[in-house]
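# Report on the structure
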Amino acid sequence: MTEYLMLILATALVNNVVLVKFLGLCPFMGVSNKLDSALGMGLATTFVLTLAAGASWLLQELVLEPLNIGFLRILTFILVIAAVVQFTEMVVRKLSPTLYQVLGIFLPLITTNCAVLGVALLNVQEHHGFLESLVYGFGSALGFTLVMVLFAGLRERLALAQVPAAFAGTPIALVVAGLLSLAFMGFAGLA
Amino acid sequence: MIAAIFSLTALGLGLGALLGIAARYLAVQESPIVGQVEELLPGSQCGQCGYPGCGPAAAAVAAGTAPVTLCPPGGRAVAEELASLLGVSVDLSAVTEEAPKVAHIHERLCIGCTRCFKRCPTDAIIGANDQIHAVFEDACTGCGKCVDDCPTECIELRAPTQTLTNWVWPVPEAA
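Our subject in this report is the structure included herewith. (Residues numbered from 1 in each chain as written. Chains lettered and ligands numbered in written order. Predicted model: local features only at pLDDT ≥ 70, side-chain atom pairs only at ≥ 80, totals over all residues. Heavy atoms only, no water.)

Turning next to the overall build of chain B. Helix and strand content of chain B: 6 helices and 4 strands. Sequence-ordered secondary structure for chain B, helices as α and strands as β, is α-α-α-α-β-α-β-β-α-β. Taking the contacts inside chain B whose residues are at least 6 apart along the sequence as the reference set, 51% of them involve residues at least 24 apart. As displayed, chain B has an accessible area near 11500 Å², and 58% of this comes from carbon and sulfur atoms. (Helix = DSSP H or I, 4+ residues; strand = E, 2+ residues; numbered from the N terminus. Contact = heavy atoms within 4.5 Å. Areas by Shrake-Rupley, 256 points an atom, 1.4 Å probe, with all protein chains shown as cover.)

What follows is about the interface of chain A and chain B. Interfaces are often sized by the accessible area lost when the parts come together. Across the contact, 17 residues belong to chain A and 15 residues belong to chain B. Where chain A abuts chain B, roughly 1300 Å² becomes buried across the two surfaces, and 85% of that area is made up of carbon and sulfur atoms. Area buried by chain A at its contact with chain B is led by Leu79, Met90 and Lys94 of chain A, which between them contribute 36% of it. For the pair chain A and chain B, the number of links is 0 salt bridges. The tally of links between chain A and chain B comes to 0 residue pairs in polar contact (both at pLDDT 80 or more). The element contributing the most residues to the side of chain A that touches chain B is helix H4 (residues 73-95) of chain A, with 11 residues. A breakdown of the residues in the side of chain A that touches chain B according to their chemical character gives 13 nonpolar, 2 polar and 2 charged. (Buried area = accessible area lost by both parts, 1.4 Å probe. Salt bridge = Lys/Arg side-chain N within 4 Å of Asp/Glu carboxyl O. Polar contact = N/O pair within 3.5 Å; in protein donor to acceptor, adjacent residues only side chain to side chain. Nonpolar A, V, L, I, M, F, W, Y, C, P; charged D, E, K, R; others polar.)

All names here are of chain A. Here Asn123 is to be found in helix H6 (residues 114-125). Of the polar contacts made by the side chain of Asn123, one reaches the side chain of His128; its length is 2.8 Å. Every residue in contact with Asn123, bar those within four places of it in the chain, is listed here: Ala53, His128, Ser133 and Tyr136.

Moving on to the packing of H6 of chain A against helix H7 (residues 130-158) of chain A. Residues and elements named next belong to chain A. Where H6 meets H7, the axes come as close as 10 Å, and the angle between the chain directions of the two elements is 145 degrees. Our pair here, H6 against H7, has a crossing hand that is right-handed. Of the residues in H7, those touching H6 at Val119, Leu122 and Asn123 are Ser133, Tyr136, Gly137 and Ser140. Among the residues making up the contact of H6 with H7, the classes are represented as 3 nonpolar, 4 polar and no charged. (Axes fitted to C-alpha atoms, helices over the stretch in contact; angles between N-to-C directions. Left-handed = near helix turned anticlockwise from the far one by under 90°.)

Below, the discussion takes up unusual backbone geometry. Despite not being glycine, Phe22 of chain A shows a phi value in the positive range, around 55 degrees. Mapped onto the fold, Phe22 of chain A is located in the loop between helix H1 (2-14) and helix H2 (25-30).

Quick look at the packing of aromatic side chains now. Residues and elements named next belong to chain A. Counted according to the given criterion, the structure contains 4 aromatic pairs over all chains. Summarising the aromatic geometry, the rings of Phe184 and Phe187 are spaced 5.3 Å apart at their centres and angled 70 degrees between planes, so their arrangement reads as edge-to-face. For Phe184, a relative accessible area of 5% corresponds to the buried category. (Phe/Tyr/Trp six-rings, centres within 6.5 Å; stacked < 30°, edge-to-face > 60°. Buried < 20%, exposed > 50% of the residue type's maximum accessible area, 1.4 Å probe, protein only.)

Computed from the structure, the second largest pocket encloses a volume of approximately 410 Å³. As for the second largest pocket, its lining consists of 16 residues, of which Ala55, Ala83 and Val84 of chain A together with Leu15 and Leu18 of chain B are closest to the centre. Breaking the lining of the second largest pocket down by element, the ones donating at least two residues are helix H3 (35-67) and H4 of chain A together with helix H1 (2-25) of chain B. Ranked by the residues each element gives to the lining of the second largest pocket, the list is headed by H1 of chain B, at 7 residues. (1 Å grid on protein atoms, 1.4 Å probe; cavity = no way out; pocket = protein on both sides within 12 Å on 5 of 7 lines; lining within 4 Å. Points joined across faces, edges and corners; volume = space filled by probe spheres on them.)

Taken as a whole and judged by the stated rule, the model has 2 salt bridges over all chains. Between Glu156 of chain B and Arg158 of chain B there is a salt bridge, and its shortest N-O distance comes to 3.8 Å.

The next point concerns the side chain of Ser32 of chain A. All names here are of chain A. Structurally, Ser32 is set in the loop between H2 and H3. We classify Ser32 as buried; its relative accessible area is 0%. A distance of 3.0 Å separates the side chain of Ser32 from the side chain of Arg155, its partner in a polar contact. In this view, Ser32 contacts Pro27, Ala38, Phe151, Ala152 and Arg155; residues no more than four positions away in its chain are not counted.

Further remarks concern H6 of chain A. Residues and elements named next belong to chain A. Between the first and last C-alpha of H6 there are 16 Å, a value that for 12 residues agrees with the 16 Å anticipated at 1.5 Å per step. With 9 of 12 residues buried, H6 lies mostly within the body of the structure. The set of residues buried in H6 consists of Ala115, Val116, Leu117, Gly118, Val119, Ala120, Leu122, Asn123 and Val124. Tucked into the core, H6 has its buried residues touching H3, H4 and H7. Here H6 starts with a cap whose side-chain oxygen sits 3.0 Å from the backbone nitrogen of Ala115, and that cap is Asn113. With its phi angle positive at about 50 degrees, His127 sits one or two positions after the end of H6. (Expected span 1.5 Å × (residues − 1).)

As structure tokens, then:
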């Protein structure tokens, strides 16, 4: 049990997908304008990432490994991720039309969120078991959600700040992202 | 190679079938009225009704939060069609039936600032920087957005120029 907790801690904080591995920067910059949509995006990505991590592990162990067709890994993983995202879109649309409207184009774009594919590939690389893969995916998604919410909160305050004209808008957001990344480097000694 | 082809095909078919079943169970009932209302509206997104475009306006009309007479460019014809589609009775005397109007630019006053044609939802104004602009009457819906934007007040709405192709017999006067 402790090792899974450690794994969650390690993936969410120490090896955070966004701020340490620099994966999934597109939704990180794109949907972090408002706290609500950032949280919604984080939850949707959590759902997709965990499911995709499990599904891609099954695919790797049951299909790619026995048939010795590892060269199809990226292609099949993308296929599975796209299907999971499509499924998530249907679920979100059914359960929360408001969230569906707020997320808009970024919901189908989870398909191309490199964090999702990256976590699936890292699972293969580090020879994780099924449960480990799920926990690894969930931990990464937790880190993603945490960073999204933190960054959205910062940006909501940033919108009111007096920023030099040259830095207004995206540049200052990128600077803040860099500072946040520096802060997360402080977790490096934790595990 | 056979294994690769077979497994990829099986994977595609399997996921497709799963998504198909999921779509059946998670289908969202969307009111077909919104689409029908949107088809009746002009679709020039002029915004005179106060909604950002014809889509949100159609949603509001279908939901009953906006009156069927909300579309000024559509005039009485659109109001009538909307009323019959939604089955509501409407006092059409309030809708003033105006003859179709198009924008006209007075060349003497135009300074070629291009503000009006950036604003035009139907691209009916032609011209370029520092060149006198002109209105392409076939494309103009008479929404009047350009009138508000002109800094020299050189645009007015008036009846389209009469040509052999658009001239009609006048309505006979009642005895």
